[in-house]
Amino acid sequence: MGKEVLPYKDSELSKKEQVRQMFDTISGKYDGLNRIITFGIDIRWRKRVVKLVGAKKPDSILDIATGTGDLAIALAKTGASRIVGLDIARGMLQVGEHKIQKRHLDNTIEMVVGDSEALDFPDSSFDAITVAFGVRNFESLEKGLSEIYRVLKPGGILAILETSVPEKQPFKWGYGIYSKYLLPAFGKLFSKEASAYSYLSESAAVFPHGKAFNNILGKIGFIGMKHRPQTFGVATIYTATK
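Residues numbered from 1 in each chain as written. Predicted model: local features only at pLDDT ≥ 70, side-chain atom pairs only at ≥ 80, totals over all residues. Heavy atoms only, no water.

(A) Expanded view of the environment of alanine 65. Mapping alanine 65 onto the fold places it in the loop between strand 1 (60–64) and helix 3 (70–74). Its relative accessible area of 24% is what places alanine 65 among the partly exposed residues. Not counting residues within four places of it along the chain, the set of residues in contact with alanine 65 comprises Leu86, Asp87, Val131, Ala132 and Gly134. (Helix = DSSP H or I, 4+ residues; strand = E, 2+ residues; numbered from the N terminus. Buried < 20%, exposed > 50% of the residue type's maximum accessible area, 1.4 Å probe, protein only. Contact = heavy atoms within 4.5 Å.)

(B) Layout of the nonpolar core. Counting residues in hydrophobic clusters, the biggest one holds 27 residues, and the most contacted among them are Leu62, Ile129, Leu145, Ile148 and Phe213. Those elements that place two or more of their residues in this core are strand 1, strand 2 (82–87), strand 4 (126–132), helix 5 (141–151), strand 5 (152–163), helix 8 (211–220) and strand 7 (235–241). The contacts of leucine 62, once residues within four sequence positions are left out, are Val84, Leu86, Leu119, Phe121, Phe126, Ala128, Ile129, Thr130 and Val151. In this structure, Leu75, Ala132, Ile157 and Ala235 belong to the second largest nonpolar core, which totals 25 residues. (Core = buried A, V, L, I, M, F, W, Y, C linked by side-chain atoms within 4.5 Å.)

(C) Just the pattern of salt bridges, in detail. The final tally for this structure, using the stated rule, is 11 salt bridges. Where glutamate 117 meets lysine 16, a salt bridge forms, and the shortest distance between an N and an O atom there is 3.9 Å. Of this pair, glutamate 117 sits in the loop between strand 3 (109–113) and strand 4 while lysine 16 sits in helix 1 (residues 15–37); the two residues are 101 residues apart in sequence, bridging distant segments of the chain. There is no split in this pair, since glutamate 117 and lysine 16 are both buried. Glutamate 147 is the salt-bridge partner of arginine 150, the closest N and O atoms lying 2.8 Å from each other. Here the residue arginine 150 and the residue glutamate 147 both occupy positions in helix 5, the gap between them amounting to 3 residues, near one helical turn. Residue class for glutamate 147 comes out buried when judged on its relative accessible area of 14%. (Salt bridge = Lys/Arg side-chain N within 4 Å of Asp/Glu carboxyl O.)

(D) View of the pairing of strand 4. Within strand 4, 6 of the 7 residues are buried, which leaves it mostly tucked inside the rest of the structure. Sheet analysis places strand 1 next to strand 4, joined by 4 bridges and oriented parallel. Pairing of isoleucine 61 across the sheet is with alanine 128, part of strand 4. Bridge count between strand 4 and strand 5: 6 bridges; the pairing is parallel. Along strand 5, the bridge assignment pairs alanine 132 with leucine 161. At this point the chain moves from strand 4, through helix 5, to the parallel strand 5, and the crossover so formed is right-handed. (Pairing = 2+ DSSP bridges. Right-handed = clockwise from strand over helix to strand, strands pointing away.)

(E) Just the packing of aromatic side chains, in detail. Using the criterion set out here, one finds 5 aromatic pairs in the structure. Ring geometry for phenylalanine 207 against phenylalanine 213: centres 5.5 Å apart, planes inclined by 45 degrees, an arrangement best described as tilted. By the burial criterion, phenylalanine 207 is buried, and phenylalanine 213 matches it. Cluster of aromatic residues (ring-pair linked, three or more members): Phe207, Phe213 and Tyr238. When the ring centre of tyrosine 149 is taken as reference, the NZ or CZ atom of lysine 242 above it lies at 4.9 Å. (Phe/Tyr/Trp six-rings, centres within 6.5 Å; stacked < 30°, edge-to-face > 60°. Lys NZ or Arg CZ within 6 Å of the ring centre and 35° of its normal.)

(F) Spotlight on the side chain of glutamate 117. For glutamate 117, a relative accessible area of 6% gives the class buried. Among the polar contacts made by the side chain of glutamate 117, one reaches the main-chain amide nitrogen of glutamate 139 at a distance of 2.7 Å. Within the local environment of glutamate 117, its side chain forms a polar contact with the backbone nitrogen of serine 140, the two atoms lying 3.3 Å apart. With near-sequence residues (within four places) excluded, glutamate 117 lies in contact with Lys16, Phe138, Glu139, Ser140, Lys143, Gly144 and Glu147. (Polar contact = N/O pair within 3.5 Å; in protein donor to acceptor, adjacent residues only side chain to side chain.)

(G) Seen up close, the sheet that holds strand 4. The strand order 3-2-1-4-5-7-6 describes an open sheet built from 7 strands, whose pairing is mixed. Each edge of the open sheet is held by one strand with a lone partner, namely strand 3 and strand 6 (223–230). When strand polarity is set aside, the average angle formed by the axes of neighbouring strands in this sheet is 15 degrees. Contacting strand 2 and strand 3, helix 4 (residues 90–102) crosses the sheet at an angle of about 165 degrees to strand 3. Lying on the sheet, helix 5 is in contact with strand 1, strand 4 and strand 5; it crosses strand 5 at an angle near 145 degrees. (Axes fitted to C-alpha atoms, helices over the stretch in contact; angles between N-to-C directions.)

(H) Region of interest: a positive patch on the surface. Where like charges cluster on the molecular surface, the positive patch consists of Arg44, Lys47, Arg48 and Lys77. Inspection of the secondary structure assignment puts lysine 47 in helix 2 (residues 41–54). (Patch = residues over 30% accessible without salt bridge, like charges linked within 9 Å, V, L, I, M, F, W, Y side chains within 5 Å. Areas by Shrake-Rupley, 256 points an atom, 1.4 Å probe, with all protein chains shown as cover. Lys, Arg positive; Asp, Glu negative; His and termini not counted. Charge placed at Lys NZ, Arg CZ, Asp CG, Glu CD.)

These results come straight from atomic positions and should not be treated as a statement about function.
This is the structure we're talking about:
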């Protein structure tokens, strides 16, 4: 991975604490703004993750960096009896808990505060683990992925949805203009947190994607890595097996 990108460049807090502070701050506006900045396409991406995971018929799923629970809620369609949504930001989880209660999924989905790099679960606890737009926020990418590997059952599936940079023109050029100028502007206009959305675009730009990320998964010990670019390459779905 390239240089470290931080949400608040003048802060003395660690990246982990800055990420927690950033998401707590924008939690109330996150869902609405997410629909705007992705034009609603993120919903379609999550459905594809659910389909890939559901094909494995998991009984237990851990959704890391669950945020406000969009993916955890969508994963209920897999028929899993236990879904745990984990996030470092309590403010995001509170929004998610309200959505879960509204959908009467309290008996299936549990939302917990936790550190993705120090998971409080025994080895081989889950049939499937998912992460949507969260791995690039790990303070130590390899440590976080190693923890995922540890708590995933042998034969279990890991599915990661993450932003990426298109490789072909003119999509690469258009993505660069959008992420550098329009995304922070949307953040400032709707949430008054331009720095948060600048971080989200900058961190995506330096994050390893495609085969480079597959290689990292392989280094951790995963097998059968595949990556599926989405919408001209602005996002990618990664799958791997323990």
